[in-house]
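# Fold and contact review
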Amino acid sequence: MAEDTMMSTDQIWRAVAAERASLVELLEPLSEVDWDHPSLCDGWRVRDVVAHIVLSARASIGWILINVIRARGSLDRAIRDTAIRHADRITTQQLLGELRDSIDARVTAVGTTPADRLMDLLVHGQDIAVPLGITRDMPVAAARAAIHRIWTMGAPFHARKKFTGYRLAATDTNWSAGDGSTITGPVAALLLIVTGRQHAWDQLTGAGVALFPQH
């Protein structure tokens, strides 16, 4: 896997804070209708995605266990249900205030890393912006750190397995991974396809684009 010098932990946390701060700026002028607009996450409104981002900045092992039990053992269901419940119980301005208060938080749930928080913010920022027709730039260094993390982990994305037989190569930074038919493009677009965001395929080129079956 080719890559530039990776970000330090402190650099990742500063990138996390920058993403949260810029997301606050994006959300501040939105109407209530915009907050209730469907996001790219199936079944989640914009406010539900924001609630998930807020809750991920404060998750403790006790909180996780309680909500997984409440969701009958499903972590995915727990994440979805707790975000929707939280978004429904407070006002838009309170939710925005919680996001603002979380900007400098450096909390990782058990089994996750600071790079997971960064990846979550980068991808969910697009989940919010794209359906609203808002352009949200993704910093190259941050996207590279996030895709490196995803490629080297297993669940939930299983990127290496999903892209077996393909070589992903960024055109705007020194990052590539895998072997086979090439898929090339901005590292931000590669990050989005490995996390299942179908709209980003339009930004990619290479023989592998036509061959890949799930888009």
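For the structure itself, look to the data block above.
Residues numbered from 1 in each chain as written. Predicted model: local features only at pLDDT ≥ 70, side-chain atom pairs only at ≥ 80, totals over all residues. Heavy atoms only, no water.

Once that is clear, we can look at the overall build of the chain. Of regular secondary structure, the chain possesses eleven helices and three strands. Helices and strands in the chain line up, N terminus first, as α-α-α-α-α-α-α-α-α-β-β-β-α-α. Residue pairs in contact within the chain that sit at least 24 positions apart in sequence constitute 64% of those at least 6 positions apart. When the accessible surface of the chain is summed, it comes to about 10100 Å², and 53% of that surface belongs to carbon and sulfur atoms. (Helix = DSSP H or I, 4+ residues; strand = E, 2+ residues; numbered from the N terminus. Contact = heavy atoms within 4.5 Å. Areas by Shrake-Rupley, 256 points an atom, 1.4 Å probe, with all protein chains shown as cover.)

Quick look at the packing of aromatic side chains now. Applying the stated rule across the entire model yields four aromatic pairs. Ring centres of W151 and W175 lie 6.3 Å apart, and the angle between their planes is 80°; this geometry places the pair in the edge-to-face category. Of this pair, W151 sits in helix α8 (residues 140-152) while W175 sits in the loop between β1 (166-170) and β2 (176-177), and the two are 24 residues apart along the sequence. One exposure class covers both W151 and W175, and it is buried. A ring pair is formed by Y166 and F212, whose centres lie 5.2 Å apart and whose planes are at 70°; its orientation type is edge-to-face. Taken together, the residues Y166 in strand β1 and F212 in the segment after α11 (207-211) connect sequence positions 46 residues apart. (Phe/Tyr/Trp six-rings, centres within 6.5 Å; stacked < 30°, edge-to-face > 60°. Buried < 20%, exposed > 50% of the residue type's maximum accessible area, 1.4 Å probe, protein only.)

Counting 67 residues, the largest nonpolar core has L27, I183 and L191 as the members making the most contacts within it. Broken down by secondary-structure element, the contributors of at least two residues to this core are α1 (9-27), α3 (46-56), α5 (75-89), α6 (92-101), α7 (114-129), α8, β1 and α10 (187-194). The element contributing the most residues to this core is α1, with nine residues. Apart from residues no more than four positions distant in its own chain, I183 is found in contact with F163, Y166, R167, L168, A169, L190, I193, W201, L204, T205, G208 and V209. (Core = buried A, V, L, I, M, F, W, Y, C linked by side-chain atoms within 4.5 Å.)

What follows is about the side chain of D48. Note on placement: D48 falls in helix α3. When sequence neighbours within four positions are dropped, the list of residues in contact with D48 reads G43, A83, I84 and A87.

Moving on: the packing of α8 against α10. Where α8 meets α10, the closest approach of the two axes is 9 Å, and the angle between their N-to-C directions is 35°. Between α8 and α10 lies a crossing of left-handed hand. Taken together, the residues of α10 that come into contact with α8 (itself represented by V140, A143, R144, A146, I147 and I150) are V187, A188, L190, L191 and V194. Looking at the contact of α8 with α10 residue by residue, the classes come out as ten nonpolar, no polar and one charged. (Axes fitted to C-alpha atoms, helices over the stretch in contact; angles between N-to-C directions. Left-handed = near helix turned anticlockwise from the far one by under 90°. Nonpolar A, V, L, I, M, F, W, Y, C, P; charged D, E, K, R; others polar.)

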